[in-house]
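Residue strings, one per chain:
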Amino acid sequence: MTTPGTEGPLFRAAGLTREFRRDGRVVRAVDGIDLEVHRGDQLGIVGESGSGKTTLIRLLAALDRPTSGQVWFNGQDVTRASSKQLATLRSQVQIVFQDPRSSLDPRMRVGEIVAEPLTSRLIRRLPDTPRDVRARVAEVLELVGLEPQMAPRHPHEFSGGQRQRIAIARALAPRPRVLIADEPVSALDVSVRAQVLNLLTDLVRQEDLTMLFVSHDLAVVRHVCDRVAVMRQGRIVEHGPLQQVWDAPSDPYTKELLAAMPRLAVT
Amino acid sequence: MSALLEVRDLSVRFGRHRTLAVDRVSLTLDEGDRLGLVGESGSGKSVTALAVLGLLPETATVTGSVRWQGREILGLPDRELAKLRGQEFSMVFQEPMTALDPLMKAGRQVAEVLGLHRGMARGASRPLVLEMLAAVGLADPVRIADSYPHQLSGGQRQRVLMAMALVNRPDLVVCDEPTTALDVTVQARVLATLDERLDDAGAACLFISHDLAVVSQVCARVAVLRHGRLVEQGTTAQVLGAPQRPYTRGLVAVASLEHAEPGSRLPLVDDFARDGGAS
C-alpha cells in the first residue's frame, strides 16, 4: 500500500460510470463523472430522485464498484483495493442516511449503535481508532447534543430529530475525516431540520470535517456547503461555488431547481 | 346558509390514559375555501383531519361537533360516513406507497372509487379514468393505468392518489402532507396541478403540512396548531406577514431558509416560544 498522499485531492473520480440492469435494459446511473474533492471542502450534490446522486457517493465511499472509471481516496485507487486495504477509508469516510427510522437497528441500544464502527473487525485495529469505546460513545453523544445516559435506550424511544443525531454520533465515533450526508434532513419537519443543519454546521467546524452533502433541495445545500455539483441523469450538469450557482445558474435544470424551491408566498 | 364544514370544539383523546391529542379546535370552511393546517409533528393536525373524516380508530374518543353542510356527522355510523367519503369529501395522504394497493393496477384503483360511489361498471368507467389521470398531469394515462404502483415514480403515485380523490368531484379534498415525500421539483409540479384541479372543480381543501412555505402556495387561510390547540388563525397574508403569536413567528422563521446567511446559525422555533409556554 502506498503512503497516503497529503497534497493531491482527497477524492478523485475519473470517467466514473455505473450501469445497472433493469427489466433487461441497461440503465446508466452514473455516466462518466470526473470530480475532485479537496480537504475541507463542503460539497453539495444536488438533483432529483434517480439522478444518480446516491450511486455516486456509494462509489466514492467504495460501497459499490464502478462499471468503468476509477476513484482515488488519498491517492489510493479504491476501485481495485481489497477489503483489508479499504480499512482506512472505511474509518475515515462515514455516512449518515436519510431516514433514521430505517438506518438504525431497532433491536440495538443506542450505545451499541454508536459503538458499532469502533468495534468492527477492520476498523478497530487502526492506530487512530479510539480505544476506550465507552468513553468515545459518551463523548460523541454529547457532541451531537444527547445525554450520555441515553446510551442504554432503544431508537424507538427517540423523536425523528434525535434519531438523526444518533446516526450522526455513530458516524463521528471513529473520528472520520469525511462525512457523507445523504438527504439527512429530507425526512424531518421544517422545525427539526434547522436543528440538524445547525448541528452539522458546528460539527464540520469543530471536527475539521470534509463534507459531501446530498440533497434534492438547493436551499438546504446552500446553507451548509461552499460548492455544488448539480446532477441530472447520471451526469454533472453544473458545478461551481455555491453563491455563483445560486445567483447566476447557467444550466436550465439548475434554474428549474431554484424555481421549484418552496418559498413563503404571501398571496 | 350554513358553512360547507363547521368544526366546533373538537377534542380527541386516545387510550386508557385519555391523552388529549386535539383540544377544543374550531374551524370553518366555506365552499371553495382553502385552509392550511400547520404545525410540527405531534401537534394534532393529522388527528384533527382524521376525526373530521371519521377515520380514527376505536381507541379514540371524539367530542365536539363536526357539521357537514349543516348536518352533524360526528358519531354517524361508519356505513353512512363511508358514503360521504370519496363522494362528497375525499383525501390524499402522504405516503402513496401505503395508500395504494400494491396488487392492483393504478387505473383499476381509480375505477374502483367510481364504482363504489357511482355504481359504474369497470368497462364503462375506463374513459373517465383515463381522462382523470390525464387531468392530474400524467402524460401517458394508458400506460399509467396499466401499471402497478411499484412501477411508478413517487410523483406519479401521488398523482394517481390525487386522481382517486378528485374523480367523484367532491366538495372537499383533505390533503395530509401530500408532497412531503417528494423532490422539490416534483413537489412544485404536483402542487401546481392540485391548485388547478381544485380551481376547476371549485372544491374546498383542508391542507395539512409542517411546511408553511408549501401551505402558503396553496391556501388563502392558515390555522396554526400546537400541542393540539389552535394557536392562531387568519388569512395567509396576515399569519405570515404579521404573525401574532411567538410560536407562529418561530414557524415563519424556520420556513424561510433561503433568507438565512449561509453557514449562520438558523433560528429555531424554541427561540421564539419555549415548550409548554402559553405561546
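Residues numbered from 1 in each chain as written. Chains lettered and ligands numbered in written order. Predicted model: local features only at pLDDT ≥ 70, side-chain atom pairs only at ≥ 80, totals over all residues. Heavy atoms only, no water.

With respect to the packing of aromatic side chains
With the rule as written, the count across this model stands at 2 aromatic pairs over all chains. Aromatic pair phenylalanine 11 of chain A and phenylalanine 73 of chain A: ring centres 5.0 Å apart, planes at 45°, arrangement tilted. Here phenylalanine 11 of chain A is found in strand β1 (residues 11–22), whereas its partner phenylalanine 73 of chain A is found in strand β4 (residues 68–73), with 62 residues between them in sequence. Across the pair, exposure class does not vary: phenylalanine 11 of chain A and phenylalanine 73 of chain A are buried alike. Ring geometry for tryptophan 68 of chain B against phenylalanine 89 of chain B: centres 4.9 Å apart, planes inclined by 80°, an arrangement best described as edge-to-face. Of the two residues, tryptophan 68 of chain B is situated in strand β4 (residues 60–68) and phenylalanine 89 of chain B in strand β6 (residues 89–92); the sequence distance between them amounts to 21 residues. Taken individually, tryptophan 68 of chain B and phenylalanine 89 of chain B each receive the classification buried, so the pair is uniform in this respect. The positively charged end of arginine 12 of chain A is found above the aromatic ring belonging to tryptophan 72 of chain A, 4.3 Å away from the centroid. Looking at arginine 222 of chain A, its charged tip hangs above the ring of tryptophan 246 of chain A, at a distance of 4.5 Å from the centre. (Phe/Tyr/Trp six-rings, centres within 6.5 Å; stacked < 30°, edge-to-face > 60°. Helix = DSSP H or I, 4+ residues; strand = E, 2+ residues; numbered from the N terminus. Buried < 20%, exposed > 50% of the residue type's maximum accessible area, 1.4 Å probe, protein only. Lys NZ or Arg CZ within 6 Å of the ring centre and 35° of its normal.)

Overview of the interface of chain A and chain B
Between chain A and chain B, the residue contacts involve 31 residues of the former and 38 residues of the latter. Across the chain A to chain B interface the summed buried area is about 3,000 Å²; carbon plus sulfur atoms make up 57%. Joining chain A to chain B, the criterion identifies 2 salt bridges. Taking the shortest distance from any N to any O, the salt bridge between glutamate 48 of chain A and arginine 189 of chain B comes out at 3.9 Å. Applying the counting rule to chain A against chain B returns 16 residue pairs in polar contact (both at pLDDT 80 or more). Elements represented by at least two residues in the side of chain A that touches chain B include exactly α7 (190–206), α8 (218–224), α9 (242–247) and α10 (252–260) of chain A. Broken down by element, the residue count for the side of chain A that touches chain B peaks at 9 residues, all from α7 of chain A. Broken down by class, the residue content of the side of chain A that touches chain B amounts to 14 nonpolar, 9 polar and 8 charged. (Contact = heavy atoms within 4.5 Å. Buried area = accessible area lost by both parts, 1.4 Å probe. Salt bridge = Lys/Arg side-chain N within 4 Å of Asp/Glu carboxyl O. Polar contact = N/O pair within 3.5 Å; in protein donor to acceptor, adjacent residues only side chain to side chain. Nonpolar A, V, L, I, M, F, W, Y, C, P; charged D, E, K, R; others polar.)

What about the environment of valine 110 of chain A?
Within the secondary structure layout, valine 110 of chain A lies in helix α4 (residues 110–119). Taking C-alpha positions, valine 110 of chain A is 9.3 Å from valine 137 of chain A, a pair spaced 27 residues apart along the chain.

A short note on the side chain of threonine 210 of chain A
All names here are of chain A. Of note, threonine 210 is situated in strand β8 (residues 210–215). Within the structure, threonine 210 has its side chain in polar contact with the backbone nitrogen of glycine 40 (distance 2.9 Å). If we ignore the near neighbours within four places in the chain, the residues touching threonine 210 are Leu10, Val37, His38, Arg39, Gly40, Asp41, Gln42, Arg177, Val178 and Leu179.

Re the confidence of the model for chain B
Residues at a pLDDT of 70 or more form 97% of chain B, whose mean pLDDT is 90. Among the scores for the predicted complex, ipTM is 0.85 and pTM is 0.87. (pLDDT = per-residue confidence, 0-100.)

Let's talk about unusual backbone geometry
Residue and element names in this part refer to chain A. With phi around 55°, arginine 175 is a residue other than glycine that occupies positive phi space. Here the phi dihedral of glutamine 233 falls at roughly 45°; this positive angle occurs in a residue that is not glycine. With respect to the element layout, glutamine 233 can be found in the loop between β9 (227–232) and β10 (235–241).

A look at the sheet that holds strand β5 (residues 76–77) of chain A
Residue and element names in this part refer to chain A. What the 4 strands build is an open sheet, ordered β2-β1-β4-β5; its pairing is antiparallel. Each edge of the sheet is formed by a strand with only one pairing partner; in this case those strands are β2 (25–37) and β5. Alignment of β1 against β4, held across 5 bridges, turns out to be antiparallel. Across the sheet, residue alanine 13 finds its bridge partner in β4, namely valine 71. (Pairing = 2+ DSSP bridges.)

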